[in-house]
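Here is how the chains run, residue by residue.
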Amino acid sequence: MLNGKHILLGIGGGIAVYRVAELARLLIKRGAEVRCVMTRSACEFVTPMTFEALTGQAVHNDLFDLTGERTIGHIQLARWADAIVIAPATAGLLARLAHGIADDLLSTIMLVAKAPVLLAPAMNHSMWHAEATQRNVETLTARGMQLVGPATGDLACGETGAGRLSEPESIHDALLPLLTTHALKGQQWVINAGPTVEAWDGVRTLSNRATGTLGALLAGQAAALGATVTLIAGPGTPPTHPQVQRIAVESALQMLAACLQAGSDTDVFIGTAAVSDFRFAEPLAGKMKRGDTQSMSIDLIANPDIIAAVAGMDARPVRVIAFAAEAEKHIENGRTKLLAKHVDAVVANDISNMGASCASGWWISRDQEIKLNAGSKHIFAAAIIDQITRLDR
Ligand SMILES: Cc1cc2nc3c(=O)[nH]c(=O)nc-3n(C[C@H](O)[C@H](O)[C@H](O)COP(=O)(O)O)c2cc1C
């Protein structure tokens, strides 16, 4: 699958460097041509000789190496790559990349490179969860870089938690879609996001706590990966990537009409919006006066099920992904939704994610149930896009 592909392996200075030797071997075994760039710290853990012997190529580690610049300089190295894998992506390296600091060969190459980038972080779990690291990862994923891991388990420091370098096979699997689709070029994605708002009278409404953050992030990341993206946005949905076409809607009926029209004959539809289940049977004009009434009943009628309508239309998108916000039995309820609505996958998540800055959940498809990487919503969005791209293989 990697036949003839040029993979630049950027190696940061963490204890997991020794496992990257296995990764280099695997990529070569699958047909890739691998060139390694090590940071100064990486060379403290394993000598360049290991990677030179494995790849049969000179290892680059010095920005000011005259011989290196004469043979293949930093600009050519960046342009040579079909994809770049950074492993281990240390906390220090993530910080330098996020801030555009070009103080060594690898970070300088990264400012020039246009190729898709896969980050494989590895560090102590406290370093991973540190606000600074999470912010840096958000910045990098918002630029379209993809993330694999970190996995959860025993760490080299003797503690347990999120921070293990992903297995070489997982890194290889995450790399494939970046190369085969570059990454989503030519695909049309439609995403709905945010709450819907149902008017009762001229000033009062029925709505929910959804913010539209995750949908906007998904739209931004898909656009950064080359997809043509339409975002059908309920009120309050934040701004996103400048190339995303935005259709602003308010009510569930408006959202339904926009989703059916924009979603027709597309590649991927993702329903993240928290659509009001009901609307007012008889909305009022103007403003209703309170008067002396101590209690009142208002008739509500059910809104149409947007995700089921999209999944059921003749010109159905190739993939339809639903979200299920659940208070309990997340996996069970998610699977019920998957079957009832004839969608390709459901992202089941807890209602506590609504309005929060972090998110976690489960990816439920016909043959899989995967716990998705917990972290900021940027990271959650990246994990969801990764799963969607795997559906096609
Ligand atoms: C024994 C040892 C192990 C380390 N392991 C890690 C690690 O797994 N992940 C990490 O982010 N930093 C780790 N560090 C800290 C980095 O080596 C340090 O932040 C370094 O500046 C990162 O260099 P880089 O930005 O070139 O990757 C470790 C340091 C030592 C001394």
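Residues numbered from 1 in each chain as written. Predicted model: local features only at pLDDT ≥ 70, side-chain atom pairs only at ≥ 80, totals over all residues. Heavy atoms only, no water.

**Structural notes on the pairing of strand β6 (residues 151-154)**
As defined by bridge partners, β6 adjoins strand β7 (residues 160-164) across four bridges and the pair is classed as antiparallel. Note on β7: the bridge partner recorded for D154 is T160. The loop that links β6 with its antiparallel partner β7 comprises five residues; one of these, G158, has a positive phi angle of about 95 degrees. (Pairing = 2+ DSSP bridges. Helix = DSSP H or I, 4+ residues; strand = E, 2+ residues; numbered from the N terminus.)

**What to know about the side chain of T141**
With respect to the helices, strands and loops of the structure, T141 is situated in helix α9 (residues 131-142). Sequence-distant contacts of T141, defined by excluding residues within four places in its chain, comprise L147, Q221, H378 and A382. (Contact = heavy atoms within 4.5 Å.)

**Some details on the domain arrangement of the protein**
Here the protein is described as being made up of domain 1 (6-180) and domain 2 (188-279 + 299-391). Using only C-alpha atoms to locate each centre, domain 1 and domain 2 end up separated by 33 Å. Buried surface at the junction of domain 1 and domain 2, both sides included, amounts to about 1,100 Å², of which 57% is carbon and sulfur. Summed over the three residues of domain 1 that lose the most area to domain 2, namely E138, T141 and Q146, the buried surface amounts to 35% of that side. The interface formed by domain 1 and domain 2 holds zero salt bridges in total. Listed by contribution, the elements that provide at least two residues to the side of domain 1 that touches domain 2 are α9, β5 (146-147) and α10 (168-180). Across the side of domain 1 that touches domain 2, the residue classes tally to seven nonpolar, six polar and three charged. (Domains from an automatic or database assignment. Buried area = accessible area lost by both parts, 1.4 Å probe. Salt bridge = Lys/Arg side-chain N within 4 Å of Asp/Glu carboxyl O. Nonpolar A, V, L, I, M, F, W, Y, C, P; charged D, E, K, R; others polar.)

**A short note on the nonpolar core**
Within the largest apolar cluster, 66 residues are counted, with the highest numbers of intra-cluster contacts made by F51, W189 and I384. Here the element with the most residues in this core is helix α11 (residues 213-224); it accounts for seven residues. Looking at which domains feed residues into this core, each of domain 1 (6-180) and domain 2 (188-279 + 299-391) supplies at least three. Sequence-distant contacts of I384, defined by excluding residues within four places in its chain, comprise L214, L218, F323, V347, W363 and L372. The next biggest cluster of nonpolar side chains, apart from the first, holds 32 residues, and it includes A78, L106, V117 and L140. (Core = buried A, V, L, I, M, F, W, Y, C linked by side-chain atoms within 4.5 Å. Buried < 20%, exposed > 50% of the residue type's maximum accessible area, 1.4 Å probe, protein only.)

**Considering the sheet that holds strand β2 (residues 33-38)**
Pairing in this open sheet of five strands is parallel, and the strands run β2-β1-β3-β4-β5 from one edge to the other. Looking at which strands have only one partner, the edges of the open sheet turn out to be β2 and β5. In terms of strand pairing, strand β4 (residues 117-121) meets β5 through two bridges, oriented parallel. Note on β5: the bridge partner recorded for L118 is Q146. Lying on the sheet, helix α6 (residues 91-99) is in contact with β3 (83-89) and β4; it crosses β3 at an angle near 135 degrees. (Axes fitted to C-alpha atoms, helices over the stretch in contact; angles between N-to-C directions.)

**Quick notes on the pattern of salt bridges**
Under the criterion given, the structure shown has twelve salt bridges. For the salt bridge of K341 with D305, the shortest nitrogen-to-oxygen distance reads 2.6 Å. Here K341 is found in helix α14 (residues 330-341), whereas its partner D305 is found in the loop between β15 (300-302) and α13 (306-312), with 36 residues between them in sequence. With its nearest N and O atoms 3.2 Å apart, the salt bridge here joins R390 to D386. On the criterion of helical spacing, the pair formed by R390 and D386 is a turn pair, its members being four residues apart in helix α15 (residues 377-391). Its relative accessible area of 13% is what places D386 among the buried residues.

**Topic: unusual backbone geometry**
Here A87 and P88 are connected by a cis peptide whose omega angle stands at -10 degrees. With respect to the helices and strands, P88 occurs in strand β3. Cis geometry marks the peptide bond from G149 to P150, where omega comes out at 5 degrees. Tracing the backbone shows P150 in the loop between β5 and β6. Backbone geometry at D265 places phi at a positive 60 degrees, although glycine is not the residue there. By the secondary structure assignment, D265 is in the loop between α12 (252-263) and β13 (268-271). For D265, a relative accessible area of 60% puts it in the exposed group. The phi torsion at H342 lies on the positive side, around 55 degrees, for a residue other than glycine. Along the polypeptide, H342 turns up in the loop between α14 and β17 (345-350).

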